[in-house]
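Coordinate inspection notes
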Amino acid sequence: MLIPDLAPTSRSHRLREMYWAGEHERHCISKVLTGSEDSSLVGRARDFALLLRESSPVISPLDLLAGLLPVSPAEGSSIDLGHYDGHYTPGNANLIRMGYTGIRDRALEMLATEWDSEKRDFLEATVISYNAACEFAEKHAQVAEELASDSLDVERSRELARMAASCRGIASGPPETFHAALQMMWFTFMYGARGSIGRFDQWMYPLYIKDIENGALTRSEAQEMLENYFIKL
């Protein structure tokens, strides 16, 4: 049986070759990270925020989605991020519906009337973590804007401007475009939620068809974005 493959001249083929060759790993910086040394959820959230603060925003010259690898805690680090069970999906449906800011704001709202110490620990950790996620997205938006401004390639400048808009959008609200939702899904994976992506088709289709129908996205652009996302995964 003939299995379709990527055209050798395509961006997706070049991206796949880059990842297979491990070229993205050269961007992985190792640092000693001194965490909060607090095993509570709030302590782990502070360690997560530290990890993202110490992670430089990186955008590959071929990528349509921002971000490659977070900083790697070096030997001697005291950071504690807890444990994530990859058998469970990371709540992508709620992330796409509410955005990082929506979940953070819901936690803030609940904190106002919650006095149980364990529940407050969870809610405070949620606020810290999602603020960090928003700041990380905003850092990538700024770098994408700078690259777009400096690029002499008109098409690449357009791609980077779209990337910047998506990153800034998810730093301030739920994703409003297909590209922004893919970007959020990728950032969430970078943050450590590396389980199943779940019912990806159901969550992404409304944004996809909206962008197709309003002319903001072509089917070939969507195909290339999807290939980019799956290669990065």
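Parameters and conventions
- Residues numbered from 1 in each chain as written.
- Predicted model: local features only at pLDDT ≥ 70, side-chain atom pairs only at ≥ 80, totals over all residues.
- Heavy atoms only, no water.
- Axes fitted to C-alpha atoms, helices over the stretch in contact; angles between N-to-C directions.
- Helix = DSSP H or I, 4+ residues; strand = E, 2+ residues; numbered from the N terminus.
- Parallel < 35°, antiparallel > 145°, perpendicular 65-115°, else oblique.
- Left-handed = near helix turned anticlockwise from the far one by under 90°.
- Contact = heavy atoms within 4.5 Å.
- Nonpolar A, V, L, I, M, F, W, Y, C, P; charged D, E, K, R; others polar.
- Salt bridge = Lys/Arg side-chain N within 4 Å of Asp/Glu carboxyl O.
- Buried < 20%, exposed > 50% of the residue type's maximum accessible area, 1.4 Å probe, protein only.
- 1 Å grid on protein atoms, 1.4 Å probe; cavity = no way out; pocket = protein on both sides within 12 Å on 5 of 7 lines; lining within 4 Å.
- Points joined across faces, edges and corners; volume = space filled by probe spheres on them.
- Expected span 1.5 Å × (residues − 1).
- Core = buried A, V, L, I, M, F, W, Y, C linked by side-chain atoms within 4.5 Å.

Turning our attention to the packing of helix α5 (residues 154–172) against helix α6 (residues 178–190). Packing of α5 against α6 brings their axes to within 9 Å, and their N-to-C directions diverge by 65°. Our classification of the angle between α5 and α6 gives roughly perpendicular. Every pair of crossing elements has a handedness; the one defined by α5 and α6 is right-handed. Listed contacts from α6 to R162, M163, S166, C167 and I170 of α5 are H179, A180, Q183, M184 and F187. Taken together, the residues of the contact of α5 with α6 sort by class into six nonpolar, three polar and one charged.

On to the packing of helix α3 (residues 92–111) against helix α4 (residues 117–150), then. Contact pair α3 / α4: the axes reach a minimum separation of 9 Å and the direction vectors enclose 140°. Comparing the axis directions of α3 and α4 gives the class oblique. Judged by the twist between their axes, the crossing of α3 over α4 is left-handed. Touching L95, Y100, T101, I103, R104, A107, L108, M110 and L111 of α3 are R120, L123, E124, T126, V127, Y130, N131, A133 and C134, all from α4. For the contact of α3 with α4, the per-class residue count stands at 12 nonpolar, three polar and three charged.

Here the focus is the pattern of salt bridges. Evaluated as defined, the whole model comprises 16 salt bridges. In this structure, K31 and E54 form a salt bridge, with 3.1 Å as the shortest nitrogen-oxygen distance. Placement of the pair is K31 in strand β1 (residues 30–31) and E54 in the loop between α2 (41–53) and β2 (72–73), with a sequence separation of 23 residues. Among the residues examined, K31 registers a relative accessible area of 27% and is labelled partly exposed. Of the charged contacts in the structure, one is a salt bridge between R120 and E124, with a shortest N-O distance of 3.5 Å. Of this pair, R120 and E124 both sit in helix α4, four residues apart, roughly one helical turn. We classify R120 as partly exposed; its relative accessible area is 22%. With relative accessibility at 31%, the residue E124 sits in the partly exposed group.

Attention shifts here to empty space enclosed by the protein. Scanning the entire structure with this criterion turns up one cavity of 30 Å³ or more. There is about 60 Å³ of room inside the largest cavity. Considering the residues around the largest cavity, the lining is formed by P90, N92, M185, T188, F189, A193, G195, S196, I197 and Y229. Partitioned by chemical class, the residues of the lining of the largest cavity number six nonpolar, four polar and no charged.

For an α-helix the count is 3.6 residues per turn, leaving residues at separations of three or four pointing the same way. If you check α6, its first and last C-alpha atoms are 19 Å apart, about what 13 residues at 1.5 Å a residue would give, namely 18 Å. The buried count for α6 comes to 13 of 13 residues, which makes it a mostly enclosed element. G192 lies just past α6 and shows a positive phi near 115°.

Next up on the list: the layout of surface pockets. Here the largest pocket is characterised by a volume of approximately 1,100 Å³. Looking at the lining of the largest pocket, the elements that each hand over two or more residues are α2, α3 and α4. The leading source of residues in the lining of the largest pocket is α3, at eight residues. Along the lines of polarity and charge, the residues of the lining of the largest pocket split into 19 nonpolar, eight polar and two charged. Space inside the second largest pocket adds up to approximately 190 Å³. Here the element with the most residues in the lining of the second largest pocket is α5; it accounts for five residues. Each residue belonging to the lining of the second largest pocket can be placed in one class, and the counts come to eight nonpolar, four polar and three charged.

Now for the nonpolar core. Judged by nonpolar contacts, the single largest core of 48 residues is most densely connected at Y100, F178, L182, F187 and Y191. In terms of residue count, α6 provides more of this core than any other element does, 10 residues in total. One finds M18, V58, L62 and L68 within the second-largest nonpolar core, a separate group that totals seven residues.

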